Amino acid sequence: MSQSPPVPKPLAANETIKSNSHLLRGSIASDLADTSTGAISDDNGQLTKFHGLYLQDDRDLRNALKKAGKEKAFSFMLRVRLPGGRCTPAQWLVLDSLADRVANQSLRLTTRQTFQFHGVLKGNLKPLIKGMHEVLLDSIAACGDVNRNVMAPPNPERSAVLQEVYNHARAWSEFALPKTRAYHEIWLDDEKVAGGEPESEPMYGATYLPRKFKTGFALPPSNDVDIFSQDLGFIAIVESGRLVGYNVVVGGGLGMSHGNEETFPRLADQLGFIDTQSVNAVGEAVLTTQRDHGDRTNRKHARLKYTIEDRGLAWFRAEVERRSGVTFGPPRPFSFTSIQDPFGWQRCADGSWFYGLHILSGRIRDADGWPMKSALREIAGIHEGDFRLTPSQNLTISGVTDQKKPLIDSILARHGLASENVRSGLRLNALSCVALPTCGLALAESERALPEFLERFETILEQLGLKHDAISLRITGCPNGCARPYLAEIGFVGRAPGKYALYLGASYQGTRLNRLFAPSVTLDDAVGLLTPVLKRYALERQDNERFGDWCDRVTLPADATFHSPGTRS
Ligand code: SRM
Ligand code: SF4
């Protein structure tokens, strides 16, 4: 008896929204004109992501508003597109002032080197986007099923190699931008193009990618961009002081769901070496292979990491070679030794200076005793170089001359922001995602909980003589992994209010995932569990052995979870 062919699975709802959207327009414009609500429709909410915007509501106010029978306190988050995290002082001043005028008086530096505004009311979206446009900034493709903000090494050491890597990152970012004019029409009131060629998306097609897609460029020995967490990564290979090409890595990604074993964090695998001329061709081939073969039926299985898991790396490499016409060479040797941003004053090869400023959770606002926003506004007012946002939510003030250095120093000192004031190696290596009150997916606190987590662990580390040891701690409000917690030596992942899964044992350099140590703990539980572990580490570690390596070797059972196939250096 012949078997009937399997019934194809239905497409995910987002696929229909995209294909009916007339290249990302939907009915956003009419939703914007509707003043009876602060929200937009669900379908348009999916489309505005491609324009860098998320509809959110203030979760602190949800219950009270519900009780009062009122609409949720809706507002939008806007994410800026900022390849490699570079921003001029003029742009800084405009973003600073927009945050005061049309958002919640704060700027948030993200784990992918850009800015987010929170609390933007619907009627303020156009003024915000127009204001950004005046200083040549936009939020196109900052979110959505497209190539997102491209990461590049932020260290402002002005070497020719670093500049070249940045140029490649920028060129790939531009090359992979959607071509639709929807953003310009909706937000900047551009005229609709009449006549001429019909608009099209040659690289993406009308349904774009099955899911978000992230690219990073790394320059060893620093893995500051966490290259193995990217869908597509380019690791710069420098020989005799010259950039000769890149090792390409694919299939990294961190999001998972608690209790769903079919979802997991995964480190990227190496495809092989390419020359510098082939970056865009290979990038396009990786992107279109995922466009054509990624899962469009299940958004929890739609990232590139699952396509590679399901079909195998050999198949994927052959497909990319066929599409790009580029043959991969064997990966060339490289080594990552650190992930931490440089802090304080550093001298560059060209004689200029840069200052690495630690910003807890990337939150820039004026808090009591911590007037970060005012200080940076004053610096932007006199600064002649630029600012670089780092993947660890910090900031670099770069291109500072000998003449300007004392002035910047005095502004930092007057506002109490000198890096020497940062208390511990743990704090300098801590990240948190935004979580409550804005993130609709948060199960637990993260940014607002980080200070207490740090204070508790700093006390223990100080007692054990580990205060200045660089140990990475990352916390997120849910398992989506926005602060890359699975690549931290100590990772906390929100499960429920006040409860976190605790992971240990990633390598400090971001080359090995951590593993589950305790499935659901409070901060008190975690302090109780980790104090003896840290004590043993202080006494038993081998010379220069990092906390994550020691945990991996000593503390964790061999069968603790996490899937990380492939070979990494
Ligand atoms: Fe993220 C969704 C914040 C980096 C994995 N992320 C979200 C949303 C938009 C929540 C939502 O969908 O409603 C969060 C908005 C919170 C808010 O109120 O601002 C959010 N993600 C962030 C940021 C701001 C965290 C931060 O504190 O810095 C980071 C913005 C980066 C940027 O500038 O583009 C951010 N998100 C990441 C990273 C880290 C990275 O890319 O290096 C990851 C893990 C890497 C990865 O993608 O695999 C990450 N975010 C996710 C996921 C899970 C994706 C998955 O494959 O399962 C979601 C949920 C989703 O896509 O369904 C998500
Ligand atoms: Fe929100 Fe979860 Fe991302 Fe944190 S990790 S910002 S809680 S989606």
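Residues numbered from 1 in each chain as written. Chains lettered and ligands numbered in written order. Predicted model: local features only at pLDDT ≥ 70, side-chain atom pairs only at ≥ 80, totals over all residues. Heavy atoms only, no water.

S.K.: Could you clarify how one ought to interpret the site of ligand 1 in this entry?
M.R.: Around ligand 1 there are 29 residues in total, and Thr110, Leu254, Thr438, Cys482 and Arg484 lie nearest to it. The side chain of Thr110 places a nitrogen or oxygen atom 2.6 Å from an oxygen atom of ligand 1. Between an oxygen atom of ligand 1 and a side-chain N or O atom of Gln116, the distance comes to 2.7 Å. Among the elements of the structure, strand 1 (53–57), strand 2 (74–79) and strand 5 (115–120) are those that each provide at least two residues to the shell around ligand 1. Among the residues making up the shell around ligand 1, the classes are represented as 8 nonpolar, 13 polar and 8 charged. (Near = heavy atom within 4 Å. Polar contact = N/O pair within 3.5 Å; in protein donor to acceptor, adjacent residues only side chain to side chain. Helix = DSSP H or I, 4+ residues; strand = E, 2+ residues; numbered from the N terminus. Nonpolar A, V, L, I, M, F, W, Y, C, P; charged D, E, K, R; others polar.)

S.K.: Looking at this model, I keep getting lost on the coordination of the iron atom of ligand 1. Mind explaining?
M.R.: The expected angle between donors at a tetrahedral four-coordinate metal is 109.5 degrees. At an octahedral six-coordinate metal it is 90 or 180 degrees. Counting protein donors around the iron atom of ligand 1 gives one, Cys482 (SG), at 2.3 Å. You can see Cys482 is positioned in the loop between strand 18 (473–476) and strand 19 (490–496). (Donors = N, O, S within 2.8 Å, 3.2 Å for Na, K, Ca; no water.)

S.K.: What exactly am I supposed to notice about the nonpolar core here?
M.R.: The nonpolar side chains of a soluble globular protein tend to be buried with one another. By size, the foremost hydrophobic cluster in this structure holds 95 residues, and its most contacted members are Trp92, Phe115 and Phe117. With 32 residues, the next largest nonpolar core counts Phe453, Leu473, Ala526 and Phe547 among its residues. (Core = buried A, V, L, I, M, F, W, Y, C linked by side-chain atoms within 4.5 Å. Buried < 20%, exposed > 50% of the residue type's maximum accessible area, 1.4 Å probe, protein only.)

S.K.: I'm lost on helix 13 (residues 405–414) in this one. Help?
M.R.: Along an α-helix, residues three or four positions apart point the same way, because every turn accommodates 3.6 residues. Buried within helix 13 are the following residues: Lys405, Ile408, Ile411 and Leu412. Viewed end-on, helix 13 has its buried residues packed into an arc of 130°, placing them on one side of the element. Along helix 13, exposed side chains directed more than 90 degrees from the buried face belong to Ala413 and Arg414. Backbone geometry just downstream of helix 13 places Gly416 in the positive-phi region, at approximately 70°. (Arc of directions from axis to C-beta.)

S.K.: Can you walk me through the layout of surface pockets in this structure?
M.R.: Once rolled over the atoms, a probe with the size of a water molecule shows which space is left empty. Computed from the structure, the second largest pocket encloses a volume of approximately 700 Å³. Forming the boundary of the second largest pocket are 28 residues, of which Leu360, Arg363, Arg365, Glu447 and Arg448 lie nearest the centre. Those elements that provide at least two residues to the lining of the second largest pocket are strand 1 and strand 5. (1 Å grid on protein atoms, 1.4 Å probe; cavity = no way out; pocket = protein on both sides within 12 Å on 5 of 7 lines; lining within 4 Å. Points joined across faces, edges and corners; volume = space filled by probe spheres on them.)

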